[in-house]
2 protein chains.
Amino acid sequence: MGIGDDCALLAARPGEELAVTTDLSLEGRHFRLDWHPAEAVGHRTLARGLSDLAAMGARPLAAFLSLGLPPELTCAKRGQTPWMEGFYNGLLALAEAHATPLAGGDLAQAPLALADIVLVGAVASGKALRRSGARVGDQLYVTGRLGGAALGLQLLAESQGKARRQTHPELESALGPHLYPQPRLEQGQMLARKGLATAAMDLSDGLSLDLPRLCAESGVAAEVEAEQVPCFPGATLEQALHGGEDYELLFTASPTARLPRSIAGVPLTRIGQIVARRKGRPEVTLLHKGRRSPFLAGGWEHFSA
Amino acid sequence: MGIGDDCALLAARPGEELAVTTDLSLEGRHFRLDWHPAEAVGHRTLARGLSDLAAMGARPLAAFLSLGLPPELTCAKRGQTPWMEGFYNGLLALAEAHATPLAGGDLAQAPLALADIVLVGAVASGKALRRSGARVGDQLYVTGRLGGAALGLQLLAESQGKARRQTHPELESALGPHLYPQPRLEQGQMLARKGLATAAMDLSDGLSLDLPRLCAESGVAAEVEAEQVPCFPGATLEQALHGGEDYELLFTASPTARLPRSIAGVPLTRIGQIVARRKGRPEVTLLHKGRRSPFLAGGWEHFSA
């Protein structure tokens, strides 16, 4: 934390645009001190911002963190590591994995824990993935598997946070996508560099809430084939369709595009297609067991459910 | 608020570097709902960030705002404008005055009002004003007048905030620097463009706290001539030396530099000089009425005083 000057100085390469995103995480809304280990809160804070860069196909240049903390989280308690240290450890480990320097920030005493993360990235001019480029006939894809974060949150909620302190390997793997989501930077960057995607965004609020946003920006409608949606092991179809915070990429590609089956070990799965917007037809239709129904937002609301 | 894509895209000109700064403002610490009009909170939030750009000599490219608000501040009360609307009005008026688009942000419900502002600016490569460039023999300058923000805060505190609702013209002018500080963007940009300053920073925590920071970054010491310090009308010398949040620029210039007496109507005043750092001598010395004394930080702490 802390830089010598009033601002951090960054340089993009010639011919690059900058991508900037900011995400506010609040105790009680985006994380709970009794459910989420400090390391996971730090990881998730940065992952939200990195995932926004991934959605644009940008490479990270630097992160900036404004942190507000109650005094008891900054000092050691009963010989334990201070919460703040765990938070930084989690955040910096992910930052290192994606070569993202923490270039500045602000620290203040606050009555609750809050973290605002800013990511600055760079992308070749005109190559950024946008939400507005989907065209009728394009095929709809996701990276990875969906519903894992919702499953993890359910396990935490059912155990009132105790699940995080158990060391059962299966449980750890089930909590992984919720506690330590992986931003899909390599995938987004390759899609942008090779011009493979016509539109993209990251799945932060759940497929049923996010896909209509992509459709709205592109002026199109979409059909999702429920049977094709890749569910995280143990997650229900409901969790895969409506659960938030998976931070996988949702993207569209021309039907003639030659997509790899995976990028850097993460599978790409076709889950539907883009169709024309028509009066009286829902913006997004779900095809499930031979039936068509409007695909309505499940309303992922972090902890309010 | 809200952009169509996951990030905002910005382009610097060829040969420019980017300057990025982030500042967190919290209810109770940086502003009080009963003392500060919503417009002033919005203005001050953005002014903090713009002032950091001014200190580097950068021109603003875009601002990003993460806002956390309790529900009662987002809705109208007894036919009055919602607090949030006043906040935006104040912020956007200053943004417009400095041609700074609000390019994105985040809005969340929070138990207290908080605003994290991010400013992205551009400055010709290698031309940014730094804190580290002051050399022995350089002269020390400030823009504008000091102590006005501390005076305004004192008036607000003495009246328990009632001063803001009075319409006495003298009072309004005395509250101005505290409620509506003016970031010195034109001044910083001209100093950078013409290479007039060897080092610069903005005065956010008060001269007695900020000058040692500049000295530390430059590896030098300084002498301040108290009689030369330009006090805001009505402010005491104490307020001018120790009061925070004036957001004037503090800078150094070579003794041979030809500085204008003012830039865009804001006076530049010589207040001292840079001297060598010596063991046993204070980092900053105050010359006052023929006496020399160590210039110690008054400890500006927003509302804790």
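Calculation criteria
- Residues numbered from 1 in each chain as written.
- Chains lettered and ligands numbered in written order.
- Predicted model: local features only at pLDDT ≥ 70, side-chain atom pairs only at ≥ 80, totals over all residues.
- Helix = DSSP H or I, 4+ residues; strand = E, 2+ residues; numbered from the N terminus.
- Rg over C-alpha atoms; globule rule 2.2 N^0.38 Å.
- Buried ≥ 20, exposed ≤ 12 C-beta atoms within 10 Å, placed from the backbone.
- Contact = placed C-beta atoms within 7 Å.
- Pairing = 2+ DSSP bridges.
- Axes fitted to C-alpha atoms, helices over the stretch in contact; angles between N-to-C directions.
- Parallel < 35°, antiparallel > 145°, perpendicular 65-115°, else oblique.
- Left-handed = near helix turned anticlockwise from the far one by under 90°.
- Nonpolar A, V, L, I, M, F, W, Y, C, P; charged D, E, K, R; others polar.
- Core = buried A, V, L, I, M, F, W, Y, C linked by C-beta atoms within 7 Å.
- Least-squares fit on C-alpha atoms with pLDDT ≥ 70 in both.
- Domains from an automatic or database assignment.

Participant: Which parts of the structure should I look at to understand the overall build of chain A?
Facilitator: Counting secondary structure elements, chain A contains seven helices and 13 strands. Its C-alpha atoms give chain A a radius of gyration of 20 Å, near enough to 19 Å, the size a compact globule of 305 residues would have. Viewed in the frame of its principal axes, chain A has a C-alpha envelope of about 60 × 50 × 35 Å. Counting the 305 residues in chain A, one finds 53% classified as buried. Long-range pairs, those at least 24 residues apart, make up 86% of the contacts in chain A with a sequence separation of at least 6.

Participant: Whenever I open this one, the interface of chain A and chain B confuses me. Can you help?
Facilitator: By convention, interface size is frequently given as the accessible area that disappears when the constituent parts associate. On the side of chain B, 48 residues touch chain A, which itself brings 48 residues to the contact. For the side of chain A that touches chain B, the secondary structure elements donating two or more residues are β1 (8-10), β2 (16-26), α1 (38-56), β3 (59-69), β4 (102-109), β5 (114-124) and β7 (199-202) of chain A. Top element by residues in the side of chain A that touches chain B is β2 of chain A. It accounts for nine residues. Bridge count between β1 of chain A and strand β2 (residues 16-26) of chain B: three bridges; the pairing is antiparallel. Paired with L10 of chain A across the strands is L18 of chain B, a residue of β2 of chain B.

Participant: Is there a simple way to think about the packing of helix α3 (residues 148-158) of chain A against helix α4 (residues 169-179) of chain A in this case?
Facilitator: Pairs of packed helices are described in terms of their axes, by the angle between the two and the distance that separates them. Residues and elements named next belong to chain A. Across the interface, α3 lies against α4 with an axial gap of 7 Å and an inter-helix angle of 115°. With respect to each other, α3 and α4 are oriented roughly perpendicular. The handedness of the crossing between α3 and α4 is left-handed. Contact residues: α3 offers G148, A149, L151, G152, L153, L155 and L156, while α4 offers L171, A174, L175, P177, H178 and L179. Considering only residue class, the contact of α3 with α4 consists of 10 nonpolar, three polar and no charged.

Participant: Explanation requested: the nonpolar core in the structure shown.
Facilitator: Among the nonpolar cores identified, the biggest contains 188 residues, and A19, A200 and L250 of chain A together with A19, A200 and L250 of chain B are the most heavily contacted of them. Among residues more than four places away in sequence, those in contact with A19 of chain A are L53, M56, A58, G121, V123 and A128 of chain A together with C7 and L9 of chain B.

Participant: What is the right way to read the relation of the copies chain A and chain B from this model?
Facilitator: The relation between the two chain copies is a rotation about an axis coupled with a shift along that axis. Expressed as a screw transformation, the operator carrying chain A onto chain B has a rotation angle of 180° and an axial translation of 0.0 Å, and the superposed copies differ by an RMSD of 0.0 Å. Accordingly, the operation relating the two chain copies is best matched by a two-fold axis. Comparing interface residues between copies, 100% of those in chain A also lie at the interface in chain B; the contact surface is shared.

Participant: Even after reading the chapter, I still don't get the sheet that holds β2 of chain A, so can you show me in this structure?
Facilitator: Two modes of strand pairing occur in sheets, parallel and antiparallel, and in both the strands are linked by backbone hydrogen bonds. The five strands are arranged β4(A)-β3(A)-β5(A)-β2(A)-β1(B) in an open sheet whose pairing can be described as mixed. Sheet topology places β4 of chain A together with β1 (8-10) of chain B at the edges, where each strand pairs with a single neighbour. Mean inter-strand twist for the sheet, computed between neighbouring axes without regard to direction, equals 20°. Bridge count between β2 of chain A and β5 of chain A: 11 bridges; the pairing is antiparallel. By the bridge assignment for β5 of chain A, T22 of chain A is matched with V118 of chain A. α1 of chain A contacts β2, β3 and β5 of chain A of the sheet and is inclined by roughly 25° relative to β5 of chain A.

Participant: Looking at this model, I keep getting lost on α4 of chain A. Mind explaining?
Facilitator: Side chains that are three or four residues apart share a direction in an α-helix, a result of its 3.6 residues per turn. Within α4 of chain A, the full set of buried residues consists of A174, L175, P177, H178 and L179 of chain A. Residues of α4 of chain A that are buried make contact with α1 and α3 of chain A.

Participant: Hey, could you run me through helix α3 (residues 148-158) of chain B in this one?
Facilitator: All names here are of chain B. Among the 11 residues that make up α3, eight are buried, leaving the element largely enclosed by the rest of the structure. Listed in full, the buried residues belonging to α3 are G148, A149, A150, L151, G152, L153, Q154 and L156. Positive backbone phi, at 55°, marks Q160, one or two positions downstream of α3.

Participant: Hey, could you run me through the domain arrangement of chain A in this one?
Facilitator: Residues and elements named next belong to chain A. Here chain A is described as being made up of domain 1 (16-124) and domain 2 (139-294). If you average the C-alpha positions of domain 1 and of domain 2, the two centres end up 23 Å apart. Taken together, the contacts link 20 residues of domain 1 with 20 residues of domain 2. For the side of domain 1 that touches domain 2, the per-class residue count stands at 10 nonpolar, five polar and five charged.

Participant: I tried to follow the environment of G42 of chain B on my own but got confused; where do I start?
Facilitator: All names here are of chain B. Checked against the element boundaries, G42 lands in helix α1 (residues 38-56). Classification of G42 as buried rests on a count of 30 C-beta atoms within 10 Å. Linking G42 and L91, residues 49 residues apart in sequence, is a C-alpha distance of 4.3 Å.

Participant: I tried to follow the pairing of strand β13 (residues 291-294) of chain A on my own but got confused; where do I start?
Facilitator: Each regular strand shows side chains that alternate between the opposite faces of the sheet. Residue and element names in this part refer to chain A. Strand direction decides the pairing type here: strand β12 (residues 284-288) and β13, joined by four bridges, are antiparallel. Residue pairing across strands places T285 opposite P294, the latter belonging to β13. In textbook terms, the turn of a hairpin is the stretch between consecutive antiparallel strands, and for β12 and β13 this stretch comprises two residues, one of which, K289, has a positive phi near 50°.

Participant: Please clarify how unusual backbone geometry should be interpreted in this entry.
Facilitator: A negative phi holds for most residues other than glycine; trans holds for most peptide bonds. Residue and element names in this part refer to chain A. One non-glycine residue, A99, lies in positive phi territory at about 50°. With respect to the helices, strands and loops of the structure, A99 is situated in the loop between α2 (83-97) and β4. Looking at A99, the number of C-beta atoms within 10 Å reads 10, which means it is exposed. Even without being a glycine, E245 presents a positive backbone phi close to 65°. Here E245 lies in the loop between α7 (237-242) and β9 (249-253).

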